[in-house]
Every structure is written in structure tokens, then in C-alpha cells.
Amino acid sequence: MWRSPSPKSPSALRALPDFIENIRVRALQGHVLEQVQWGQVLLNSIYVPQNPIQARQWFKIAADAGFGPAHNMYGRCYHFGWGCEADLVRAADCYARAAELGDAWGRYNLGIASMRGLGVPRDLARAFELFKKGAEAGHAKSMNLLARFTEEGWETPRNAEMARVWYRRAAETGDYRGQHNYATLLAEAGHLDEALQWWRRAVVDATSDILLAMRARLLAFGERADRPLLEKVEARLTAMHHEQKFRMTRECENVAYDQA
């Protein structure tokens, strides 16, 4: 019989919105989906103080019940050291179990681990098969990486047209990397207006590496560059820089406080 981690005190939880409180209550009642969701709330949420140790406990409870997404999140705890010491071997084991249970994100993360040699031997053939299976099942980020493998000829014959098809599918399914990569192909083929449409969609969620690549592409167009889009890219990069500086300052303050 599972035992739940100690719940937050009533005073800490009384301001929770109804939909978050419902997740917490259902997690305590033993519902595996909500146990994972509550763990995610505890990892990073504006509603409760972050508690990665307790989050990891909730993922473990749901994983022990055989829930694939919980194995994936438990693996991410080991991958990034959330509530535990980082252990890439254990992370890869968790991703493999999640993949066996049909979890799309576990399959994708196992593909990344296999592609980069994180906790498992580097195996591009295995990564290709994992991304292919994920892409065919509709997983957007797997589509993008399948396109990359196909474009570069990694473990499969190089096929520019098939790569374009998968980049487009990734873009249409909402992956910002797929949107950037598809936009890049369009721009290289001379379809700048269509490329700009996809870059405008990608800029909303893109991480710094994609934003930097996007900025370089836009600047290369010179006078034809979309200035409002370029300003959005610069604004997001500036915001990310300030956020990183703020986080580093807080971490330094915490260290100083701990040593006082």
C-alpha cells in the first residue's frame, strides 16, 4: 500500500486555486496522473514553495504503480539532480522503463540519452529508432529530430525532401525548434515571407540557442530583415539575460547566508 509524502500545512495551501487544490486532493487519494501533476507543481510553481525532494517522492509513488509518465519524471529528477544526487545511469533506466510503458516523453528522453551518450553508450541507431517511433506517434520534438537525422544522413539515407516534411510536421505540431528549422529551409529556398511567419511563431517559446540562431539568420537578410521580429528576439534574449543574472545573484546570496 502506498504512503503519501507529508502534505503541506493548511496555512500553506489555503490560497491554492481550485484546479490546483483538486490536483493535490486527487494525488492524496491515489490517482497516479494527479500524483505526477502535483509533483510538477512542487517542482516549479507560483502556487507553493518549491520542494524537489517531495516532488520526487510523488513521482516515485506513481512510478511504483506502473505509470509511464511518472517513470519519465523520476528519471528527470536523476538527470538534473532534483531532490537527489544527479545520476545519468539511473535517469536512463527510468526513461527506458517509461518508454516500455508507452510514454512519449520517456521515449524521447531515452533517445536524447542514446544520441548523446548520457547514462548509456552513445548509440545513434537506437536514437534514430526511438525518434522515428515517437514521430510516427505524433510527438513533435521527435519529429524535429527525425528530420535532423534524415537531413544529415545519420543512420538513414540522406533525404532532404523527407527532412522538410518532418520539419514541417514538427512546426505544425507546435515545436519551436521544428518551426525554426522549417523556417530556415524555407528562407534558403527563397520563401522569406513564409519563413518569417514560422519564425514569428517560434520566437514566443524559443530557448536562447534558437533565439541566437534566429537572430543570426535575420541579420543576414540585411535590409530585408523583419525589424519588429528582430526586436522581439532581442527583447527575449535581454529578458533571459536579466533572469539569469537575478538567479545567480540569489544563489550567491543563499550561499553567503548559509555560511554566515
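Since the model is a prediction, treat every value here as computed from it, not as a measurement.

Chemist: How would you explain the side chain of D103 if you had to name every residue and give the values?
Modeler: If you trace the backbone, D103 turns up in the loop between α6 (88-100) and α7 (104-116). For the buried residue D103, which engages in no salt bridge, the nearest side chain bearing the opposite charge is R107, 8.0 Å off. Apart from residues no more than four positions distant in its own chain, D103 is found in contact with G68, P69, N72 and A98.

Chemist: For the layout of surface pockets, give the residues involved together with the corresponding values.
Modeler: It is the rolling of a water-molecule-sized probe over the atoms that shows where space remains empty. Put simply, the largest pocket is a space of about 1,000 Å³. If you go around the largest pocket, you meet 32 residues; those closest to its centre are Y108, R116, K141, Y176 and R177. When residues of the lining of the largest pocket are traced back to their parent elements, those giving at least two are α5 (68-80), α7, α9 (140-152), α11 (176-188) and α13 (208-220). There is about 270 Å³ of room inside the second largest pocket. Every element with two or more residues in the lining of the second largest pocket is listed here: α3 (32-43) and α5. A class-by-class count of the residues in the lining of the second largest pocket yields four nonpolar, three polar and one charged.

Chemist: If you had to explain the packing of helix α12 (residues 192-202) against α13 to someone new, which residues and values would you point to?
Modeler: It is at 12 Å that the axes of α12 and α13 come closest, and there the two elements cross at 150°. By the angle class used here, α12 and α13 are roughly antiparallel. Along this stretch, α12 crosses α13, giving a crossing that reads as left-handed. Residue-level contacts link L196, W199 and A202 of α12 to M214, R217 and L218 of α13.

Chemist: Give me the packing of aromatic side chains: which residues, what numbers.
Modeler: Inspection of the entire model under this criterion finds 10 aromatic pairs. Seen from their ring centres, Y74 and Y78 are 5.2 Å apart, and the 75° between their planes marks the pair as edge-to-face. Here Y78 and Y74 lie together in helix α5, a separation of four residues that amounts to about one turn. Per residue, the accessibility class of Y74 equals that of Y78, and both read buried. Ring centres 5.3 Å apart and planes at 85° place the aromatic pair F149 and W154 in the edge-to-face group. In this structure F149 comes out as buried when scored by relative accessible area, which is 0%. For W154, a relative accessible area of 29% gives the class partly exposed. The structure contains a cluster of three or more aromatic residues connected by ring pairs, namely W105, Y108, F128, F131, F149 and W154.

Chemist: Tell me about the packing of α11 against α13, residues and numbers included.
Modeler: Packing of α11 against α13 brings their axes to within 11 Å, and their N-to-C directions diverge by 15°. Between α11 and α13, the interaxial angle falls into the category roughly parallel. Crossing hand, α11 versus α13: left-handed. Together, Y176, R177, H180, T184 and E188 of α11 and D209, I210, A213, M214 and R217 of α13 make up the contact between the two elements.

Chemist: So what's going on with the pattern of salt bridges? Residues and values would help.
Modeler: Tallied over the entire structure, the rule returns 13 salt bridges. For R177, the salt bridge identified is with D209, shortest N-O distance 2.8 Å. With R177 in helix α11 and D209 in helix α13, this residue pair connects regions lying 32 residues apart in the sequence. With relative accessibility at 27%, the residue R177 sits in the partly exposed group. Exposure remark for D209: the relative accessible area of 37% places this residue in the partly exposed category. Salt-bridge contacts for E188 lead to R217; the nearest nitrogen and oxygen are separated by 3.3 Å. Placement of the pair is E188 in helix α11 and R217 in helix α13, with a sequence separation of 29 residues.

Chemist: Now, about the nonpolar core: what can you tell me, with residues and values included?
Modeler: M115, F131, W199, M214 and L218 are the most contacted members of the largest nonpolar core, which has 41 residues in total. For this core, the secondary-structure elements that each account for two or more residues are α7, α8 (124-136), α9, α10 (160-172), α11, α12, α13 and α14 (227-259). For this core, the leading source of residues is α12, giving six residues. Once you skip the residues sitting within four places of it in the chain, M115 turns out to touch R122, L124, A127, F131, L145 and F149. Residues I20, V41, Y78 and A96 belong to the second largest nonpolar core, which totals 28 residues.

Rules and cut-offs
Residues numbered from 1 in each chain as written. Predicted model: local features only at pLDDT ≥ 70, side-chain atom pairs only at ≥ 80, totals over all residues. Heavy atoms only, no water. Helix = DSSP H or I, 4+ residues; strand = E, 2+ residues; numbered from the N terminus. Buried < 20%, exposed > 50% of the residue type's maximum accessible area, 1.4 Å probe, protein only. Lys, Arg positive; Asp, Glu negative; His and termini not counted. Salt bridge = Lys/Arg side-chain N within 4 Å of Asp/Glu carboxyl O. Contact = heavy atoms within 4.5 Å. 1 Å grid on protein atoms, 1.4 Å probe; cavity = no way out; pocket = protein on both sides within 12 Å on 5 of 7 lines; lining within 4 Å. Points joined across faces, edges and corners; volume = space filled by probe spheres on them. Nonpolar A, V, L, I, M, F, W, Y, C, P; charged D, E, K, R; others polar. Axes fitted to C-alpha atoms, helices over the stretch in contact; angles between N-to-C directions. Parallel < 35°, antiparallel > 145°, perpendicular 65-115°, else oblique. Left-handed = near helix turned anticlockwise from the far one by under 90°. Phe/Tyr/Trp six-rings, centres within 6.5 Å; stacked < 30°, edge-to-face > 60°. Core = buried A, V, L, I, M, F, W, Y, C linked by side-chain atoms within 4.5 Å.

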